[in-house]
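Below, each chain spelled out in residue letters.
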Amino acid sequence: MSGRTTALTPPGDAVPPVRHPEAPAPGETIGSHYEHCFGCGGGQPHGLHLEARAGEGVSVTAEFRVREAHQGAPGLAHGGVLATALDETLGSLGWLLRVIAVTGRLETDFVRPVPVDTVLHLQAEALAVHGRKIYCTATGRIGGPDGPVAVQADAVFVEVKVDHFIANGRKQEIQAALADPDQVKVARAFEVNP
Ligand SMILES: CCCCCCCC(=O)SCCNC(=O)CCNC(=O)[C@H](O)C(C)(C)COP(=O)(O)OP(=O)(O)OC[C@H]1O[C@@H](n2cnc3c(N)ncnc32)[C@H](O)[C@@H]1OP(=O)(O)O
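Computed from a prediction, not measured in an experiment: that's the story for all the values here. (Residues numbered from 1 in each chain as written. Predicted model: local features only at pLDDT ≥ 70, side-chain atom pairs only at ≥ 80, totals over all residues. Heavy atoms only, no water.)

A. Fine view of the confidence of the model for the protein chain. Residues with a pLDDT of 70 or more make up 95% of the protein chain, whose mean pLDDT is 93. For this predicted complex, the interface confidence reaches an ipTM of 0.98, while the overall pTM sits at 0.95. (pLDDT = per-residue confidence, 0-100.)

B. Quick look at the pairing of strand β2 (residues 59-65). Note: strand β1 (residues 53-54) against β2, two bridges, orientation antiparallel. Counted as the bridge partner of R53 is T61 from β2. Here β1 folds back onto β2 in antiparallel fashion, the turn holding four residues, of which G57 has a positive phi close to 60°. With seven bridges connecting them, β2 and strand β4 (residues 119-130) associate as antiparallel partners. Across the sheet, the residue bridging to T61 is Q123, located in β4. (Pairing = 2+ DSSP bridges. Helix = DSSP H or I, 4+ residues; strand = E, 2+ residues; numbered from the N terminus.)

C. Seen up close, the UniProt feature "domain: Thioesterase" (unreviewed entry) in the protein chain. In this structure's numbering, the residues bearing the UniProt feature "domain: Thioesterase" (unreviewed entry) are residues 75-141. Secondary structure across residues 75-141 divides into 25% helix and 46% strand, with the first and last C-alpha atoms of the span separated by 18 Å. (UniProt positions renumbered as here; feature names shortened; annotations may be inferred.)

D. Region of the structure containing the domain arrangement of the protein chain. As assigned here, the protein chain comprises domain 1 (16-160) and domain 2 (161-194). Once you take the C-alpha centre of each, domain 1 and domain 2 turn out to be 22 Å apart. Taken together, the twelve residues of domain 1 in the interface contact eleven residues of domain 2. Here domain 1 packs against domain 2, burying approximately 990 Å² in sum over the two surfaces, 62% of which is carbon and sulfur. Across the domain 1-domain 2 interface, the total number found is zero salt bridges. Here domain 1 is connected to domain 2 by zero residue pairs in polar contact (both at pLDDT 80 or more). (Domains from an automatic or database assignment. Contact = heavy atoms within 4.5 Å. Buried area = accessible area lost by both parts, 1.4 Å probe. Salt bridge = Lys/Arg side-chain N within 4 Å of Asp/Glu carboxyl O. Polar contact = N/O pair within 3.5 Å; in protein donor to acceptor, adjacent residues only side chain to side chain.)

Written out as structure tokens, the structure reads:
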């Protein structure tokens with residue numbers, strides 16, 4: 001046992017998340033963080049192509065249309081794909097906090113089956129911050145933004161530096177990303193955020 005605490009409940013001395021002054025305004029679209037990201041990249045033919053929008057406070061919304069490539073059982077979305085949609089939506093909260101953070105823990109409830117062609121209305125919100133940990137929650141509703149919850153997740157994201165990706169990513173993609181001045185500029189700007 002490592003003694004690491006992975007609880008999804010913020011500790012008593014956690015603080016409320018603070019929206020960064022330069023965060024996208026409510027209603028503004030949050031761009032893809034990486035073209036080849038399965039969740040939000042335009043360069044993934046079978047990806048989810050999520051386009052999150054900033055909400056009030058530290059929250060975001062997005063829509064995901066389940067396509068044939070996303071099936072698990074006949075005509076139904078694969079649970080892992082739905083968890084990915086929640087994960088990606090939660091990941092975009094980093095744009096409002098202006099930190100780079102990766103999923104440490106993601107606990108998902110699958111409440112209702114989600115048929116192919118359904119639009120999943122996603123909403124995610126940061127609840128608390130404790131050191132490098134961001135406690136957050138997300139829902140995916142069907143039939144409209146106020147429809148019944150089909151999937152729900154609670155998560156802990158952990159803040160990292162750009163070096164996390166440089167040290168761990170496959171060399172060819174890292175080199176390509178580092179050669180893209182826009183990608184480097186955005187990443188470094190997030191990194192120096194106090
Ligand atoms: C750029 C944005 C991309 C967004 C894409 C959508 C989101 C994603 O899918 S990200 C990809 C999936 N996630 C990953 O690949 C992460 C893999 N894991 C790791 O790299 C590491 O375990 C990592 C970075 C999470 C933590 O490692 P490390 O930096 O050494 O942190 P460490 O010092 O152990 O822990 C820091 C704090 O986080 C906590 N923590 C670490 N891991 C977890 C966890 N799994 N669950 C909960 N808390 C955790 C620790 O308890 C510690 O808390 P405290 O400060 O209170 O003691």
